[in-house]
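As a plain string of letters, each chain reads:
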Amino acid sequence: MSYAIAYSSRTGNTAQLAQAVREALSEEECRYFGEPHAEALVADTIYVGFWTDKGTCDEQTAHFLKGLTNQRIFLFGTAGFGGAPAYFDQILGRVKENLGPNVQVVGTYMCQGKMPQVVRDRYEGMEDSPRRTAMLENFDRALCHPDQGDLDRLKEQITH
Ligand SMILES: Cc1cc2nc3c(=O)[nH]c(=O)nc-3n(C[C@H](O)[C@H](O)[C@H](O)COP(=O)(O)O)c2cc1C
């Protein structure tokens, strides 16, 4: 079956996932690889990659998802906050709100993605509190993600 990989990535984390998807699938069946674009619509399955912006997918991905009609899609994404699967489910729920009723979601995958240093600087400037400590700890945990394990799990989910 043919496929396309359409992804948005501002700092490269989701791009790493997109590359892993590509490696997991046959190059021959690849119809499109790149930023969200109408060209991706020719494929049987579209792997749609997003980065998390204010609790949902980035604008570019939201716009692309809203333009889908009856495609099969696999959603993958990265978020700065990880650790709690319920958080990822919440994000995915919001991302799916962009989809029409005839779009079929055949799979989903999310993992943590590192954030820029300016974010840590901002946390450091906050008054000391348990929340600040938790955010700093989360920031540091995110630094090594996506790691090889994250990429392997994504590949495994795609190929079963
Ligand atoms: C403007 C902005 C808003 C963000 N909002 C969130 C958010 O609401 N929740 C979250 O978990 N991560 C948030 N992040 C972190 C990114 O989603 C995360 O670092 C992601 O892996 C970036 O992916 P990319 O490298 O593919 O751009 C935000 C990052 C930026 C720059």
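Refer to the structure printed above.
About the criteria used
- Chains are numbered independently. Their residues run from 1 in the order of the written sequence.
- Predicted model: local features are reported for residues with pLDDT of at least 70 only, side-chain atom pairs are reported and counted for 80 or more only, and whole-chain, interface and lining totals are derived from all residues.
- Values reported for side chains reflect all heavy atoms of the structure, with hydrogen atoms and water molecules removed beforehand.
- Numbering of helices and strands runs from the N terminus; a helix is a DSSP stretch of H or I covering at least four residues, while a strand is a stretch of E covering at least two.
- Just to be clear, the radius of gyration here is over C-alpha atoms, and the globule rule we use is 2.2 Å times residues to the power 0.38.
- Summary of the burial criterion: residues with accessible area below 20% of their type's maximum are buried, those above 50% are exposed, and those between are partly exposed, where the area comes from a 1.4 Å probe applied to protein chains only.
- Residue contacts follow a heavy-atom distance rule, with two residues in contact if any of their heavy atoms lie within 4.5 Å.
- Computed with a 1.4 Å probe, the accessible areas rest on the Shrake-Rupley method; for each residue, only the protein chains presented here act as cover.
- Within 6.5 Å between ring centres, the rings of Phe, Tyr and Trp (the latter by its six-membered ring) count as paired, and their orientation is classed by plane angle as stacked under 30 degrees, edge-to-face over 60, tilted in between.
- For two strands to count as paired, DSSP must find a minimum of two bridges between them.
- Place the viewer so that the strands point away; then a crossover is right-handed whenever the path from the first strand over the helix to the second strand goes clockwise.

Trainee: Got a sec to walk through the overall build of the protein? Specific residues and values, please.
Mentor: When you go through the protein residue by residue, the secondary structure sums to six helices and six strands. When the helices and strands of the protein are listed from N to C terminus, the series reads β-α-β-β-β-α-β-α-β-α-α-α. Its C-alpha atoms give the protein a radius of gyration of 16 Å, within 12% of the compact-globule value 15 Å for 160 residues. Projected onto its principal axes, the C-alpha positions of the protein cover 50 × 30 × 25 Å. Evaluated residue by residue, the protein yields a buried proportion of 46% over its 160 residues. Of all intrachain contacts in the protein linking residues separated by at least 6 positions in sequence, the fraction that spans at least 24 positions is 76%. By element, 49% of the accessible surface of the protein is carried by carbon and sulfur atoms, the whole surface being about 8,500 Å².

Trainee: Would you mind going over the packing of aromatic side chains in detail, with residue names and values included?
Mentor: Enumeration according to the criterion identifies five aromatic pairs in this entry. Consider the rings of Tyr 3 and Tyr 47, whose centres lie 6.0 Å apart with planes at 85 degrees: the pair is edge-to-face. Here the residue Tyr 3 occupies a position in strand β1 (residues 3-7), and Tyr 47 occupies one in strand β3 (residues 45-53), the gap between them amounting to 44 residues. Since its relative accessible area comes to 3%, Tyr 3 is described here as buried. With relative accessibility at 10%, the residue Tyr 47 sits in the buried group. Look at Tyr 47 and Phe 74: their rings are 5.4 Å apart centre to centre, the planes differ by 35 degrees, and that puts the pair in the tilted class. Of this pair, Tyr 47 sits in strand β3 while Phe 74 sits in strand β5 (residues 72-79), and the two are 27 residues apart along the sequence.

Trainee: Residues and numbers for the pairing of strand β6 (residues 104-112), please.
Mentor: Relative to β6, β5 runs parallel, the two being bridged by eight bridges. Bridging across to β6, Ile 73 finds its partner in Val 105. Following the backbone out of β5, through helix α3 (residues 85-96) and into the adjacent parallel β6, one traces a crossover that is right-handed.

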